[in-house]
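One letter stands for each residue in the lines below.
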Amino acid sequence: MSRFFYLALPMLLIMAAGPALAAPSFDSLDRNHDGHIKKEELYGQIHDYARWDRNDNGLIERNEFERLPFKKQQFSDWDRNGDGEIDSKEFYDGVFRAYDRDRNGRWTRREYREARANGLFGAGGTNGQ
């Protein structure tokens, strides 16, 4: 094999994995293409939930919540049923409320960019519109 192959292979692997590792774009989350992301469109789209569930029990507990890079409210604001744990529905509801600035039940591109820049979909940044 040529030296070029061995030098190019890592880059090709990174490029091939890129879309799978990349944060979802605004347009991919806006499944009905109405120019907004509704809470229902966000459900199931945060693929690194397990990253924050450190003990892998399917719930976010208070100590895990304190490590979330994108939280905007208190634990009790997310734990709607008051059981001391945030299940996946409470998690998505909390995330959505945190960035729905005008409280109209849908995210604009600006609200999506803020959530993304604050680390919601992994590494911060505003690529992907």
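Keep in mind that what you see is a predicted model, and the values were worked out from it rather than measured.

A. Main features of the packing of aromatic side chains. Applying the stated rule across the entire model yields nine aromatic pairs. Measuring from ring centre to ring centre gives 5.8 Å for F26 and Y112, while their planes differ by 75 degrees; the resulting arrangement is edge-to-face. Residue F26 is located in helix α2 (residues 26-29), and its partner Y112 is located in helix α8 (residues 109-117); the two are separated by 86 residues in the primary sequence. According to the relative accessible area criterion, F26 is buried, its value standing at 0%. Given a relative accessible area of 0%, Y112 falls into the buried group. Plain terms: the ring middles of F91 and Y92 are 5.8 Å apart, the flat faces sit at 90 degrees to each other, and that makes the pair edge-to-face. Through pairs of rings, three or more aromatic residues link up here, namely Y43, W52, F65, F75, W78, F91 and Y92.

B. Seen up close, the pattern of salt bridges. Under the defined criterion, the tally for this structure stands at five salt bridges. Between R109 and D27 there is a salt bridge; the shortest N-O distance is 2.7 Å. Here R109, found in helix α8, pairs with D27, found in helix α2; they are 82 residues apart in sequence, far enough to count as distant. Given the relative accessible area of 36%, D27 is considered partly exposed. A salt bridge links D93 to K39; the shortest N-O distance between them is 3.5 Å. In this pair, D93 sits in helix α7 (residues 88-99) while K39 sits in helix α3 (residues 39-42), placing the two residues 54 residues apart along the sequence.

Rules behind the numbers
Residues numbered from 1 in each chain as written. Predicted model: local features only at pLDDT ≥ 70, side-chain atom pairs only at ≥ 80, totals over all residues. Heavy atoms only, no water. Phe/Tyr/Trp six-rings, centres within 6.5 Å; stacked < 30°, edge-to-face > 60°. Helix = DSSP H or I, 4+ residues; strand = E, 2+ residues; numbered from the N terminus. Buried < 20%, exposed > 50% of the residue type's maximum accessible area, 1.4 Å probe, protein only. Salt bridge = Lys/Arg side-chain N within 4 Å of Asp/Glu carboxyl O.

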